[in-house]
Amino acid sequence: MTVLLDVAEFSKQFPAGGVPGPWARLRRRFSGGPEKLSKVYAVDDVSFVINKGETVGLVGESGCGKSTLVRALTRLIDSTDGSVKLGSRELSLTPAHEFASDPDRARIQMVFQDAGDSVNPRFTGFDAIADPLRRLRHLRGKALKDRVEAVATQCGLPLQLLTRFPHQLSGGQRARVGIARAIAVEPELLVLDEPTAALDVSVQVVILQLLQQLKKEFGMSYLFVSHDLSVVRLLCDRVLVMYLGKIVESGPALDVFEHPLHPYTQALVAAVPRFGDHHAERLRLTGEPRSPIDPDPNVCRFYGRCSRGTDACKTTMPVLRHFGERQVACHFAEEFLPQPKIAS
């Protein structure tokens, strides 16, 4: 398969605490040296690829770094370290504020979690969809009007709604505007950050069907961020499991959900409601998540919540190891490998 997006050793850190003031200067003066500033490791040394035409799911708890990762990948914010290649172009070399007007911006687009907040409230539906076409395709006049109406029709948005403002549209209609805006410039990669989280269940189904249809029509690749593991299992070819800024497991979606190898993935899968198992015992995590502020590089991020944690987990950070098509960052992954069936 042809690799479309190649992410290597990618990191994003944020300073922890406020801007240093006079008290900080006094502490440095009397301590005899500069004060070390703490950092939040929101994304820490992440590597993965997305192939052309592939749908990859990204899952994990709130606060694990999923949204920060996709915003850095799409150059909405600058990364701290690592590289991102879209085809042969290295996106991480271009500052975020410059990439907004770069012609390659059209190749990677994003659908945000809340379409109401991500659309300019002073833009009508037409203006929201037309904005990237004006900036990146330089369309004007009849060509612009025709393209906007064509994309709106493909997304199931009635043309009479294009004159309305976001507050005059329903949640499903705003979602369609957000999707139409993203695909108007015909991207190769579409990043979907919880695109149905703010919608009613009945509307979610319609929007997910629309996304599947558009993927076939345009031949796009998807990076699908979601808390809904059932949807990820249904729609995605592969899945990445993220915990406290790190990828802890990856592999074909069905394999990961049928036989999770990392203890955190096992807990996520066990939390998915299943019909008729209300009496079944669930796998429950104990303890508190470790702090993402200046984490010890030698301690497993899941240590303290993992029932399998040993002294080795406190002294050696597990790295992603290959098990066929799977990758797992756990010292004890072999113990969870499915056993081969013995022919009778």
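What you are looking at is a predicted structure, and each value in this text was computed from that prediction instead of being measured.

(A) Region of the structure containing the nonpolar core. Ile 129, Cys 155, Ile 179, Ile 183, Leu 190, Leu 214 and Phe 224 are the most contacted members of the largest nonpolar core, which has 63 residues in total. When residues of this core are assigned to their parent elements, the largest contribution, 6 residues, is made by helix α7 (residues 171-183). Setting aside residues no more than four positions away along its own chain, Ile 183 makes contact with Arg 147, Val 151, Cys 155, Leu 190, Leu 214, Phe 218 and Met 220. Val 46, Val 70, Leu 91 and Ile 247 belong to the second largest nonpolar core, which has 28 residues in total.

(B) Representation of empty space enclosed by the protein. For the structure on display, the rule yields 4 cavities of 30 Å³ or more. Lining the largest cavity are His 262, Pro 263, Cys 300, Phe 302, Tyr 303, Cys 306, Cys 313, Pro 318, Ala 329, Cys 330, His 331 and Phe 332. Within the lining of the largest cavity, the residues separate by chemical class into 10 nonpolar, 2 polar and no charged. Considered as a void within the structure, the second largest cavity measures approximately 60 Å³ in volume. Lining the second largest cavity are 13 residues, with Val 119, Pro 166, Leu 169, Arg 174 and Val 177 sitting closest to its centre. Elements with a minimum of two residues in the lining of the second largest cavity: α4 (115-118), α5 (125-137) and α7.

(C) Examining the sheet that holds strand β2 (residues 39-51) more closely. A sheet is described by the order of its strands in space; here 4 strands give the open sequence β2-β1-β4-β5, paired in antiparallel fashion. The sheet is open, and its two borders are formed by β2 and β5 (89-90), each paired with just one other strand. Against the sheet, helix α2 (residues 66-73) makes contact with β1 (3-15), β2 and β4 (81-86), and its axis sits at roughly 120 degrees relative to β1, the strand it touches most.

(D) Spatial organisation of helix α11 (residues 263-270). Burial runs high along α11: 8 of the 8 residues are buried. Those residues of α11 that are buried are in contact with β3 (55-59), α9 (229-235), β9 (238-243), β10 (246-252) and α10 (253-258).

(E) Just the pairing of β3, in detail. Judged by how many residues are buried, β3 sits mostly within the fold: 5 of 5 residues are covered. Judged by which residues are buried, β3 turns out to be covered on both faces: Thr 55, Gly 57 and Val 59 on one side and Val 56 and Leu 58 on the other are all buried. Sheet analysis places β3 next to strand β8 (residues 221-225), joined by 4 bridges and oriented parallel. Within the sheet, the bridge partner assigned to Thr 55 lies in β8 and is Tyr 222. Note: β3 against β9, 4 bridges, orientation parallel.

(F) Just the pattern of salt bridges, in detail. Within this structure, the stated rule accounts for 19 salt bridges. The salt bridge involving Asp 104 is made with Arg 89; its shortest N-O contact spans 2.7 Å. Highlighted residues: Asp 104 in the loop between α3 (96-99) and β6 (108-111) and Arg 89 in strand β5, separated in sequence by 15 residues. Residue class for Asp 104 comes out buried when judged on its relative accessible area of 18%. As a salt-bridge pair, Lys 142 and Asp 146 come within 2.7 Å of each other at their nearest N and O atoms. Within this pair, Lys 142 and its partner Asp 146 are both found in helix α6 (residues 141-154), separated by 4 residues, close to a single helical turn. Given the relative accessible area of 62%, Lys 142 is considered exposed. Salt bridges sharing partners connect three or more residues here, namely Arg 89, Asp 102, Asp 104, Arg 107 and Glu 188.

What counts and how
Residues numbered from 1 in each chain as written. Predicted model: local features only at pLDDT ≥ 70, side-chain atom pairs only at ≥ 80, totals over all residues. Heavy atoms only, no water. Core = buried A, V, L, I, M, F, W, Y, C linked by side-chain atoms within 4.5 Å. Buried < 20%, exposed > 50% of the residue type's maximum accessible area, 1.4 Å probe, protein only. Helix = DSSP H or I, 4+ residues; strand = E, 2+ residues; numbered from the N terminus. Contact = heavy atoms within 4.5 Å. 1 Å grid on protein atoms, 1.4 Å probe; cavity = no way out; pocket = protein on both sides within 12 Å on 5 of 7 lines; lining within 4 Å. Points joined across faces, edges and corners; volume = space filled by probe spheres on them. Nonpolar A, V, L, I, M, F, W, Y, C, P; charged D, E, K, R; others polar. Pairing = 2+ DSSP bridges. Axes fitted to C-alpha atoms, helices over the stretch in contact; angles between N-to-C directions. Salt bridge = Lys/Arg side-chain N within 4 Å of Asp/Glu carboxyl O.

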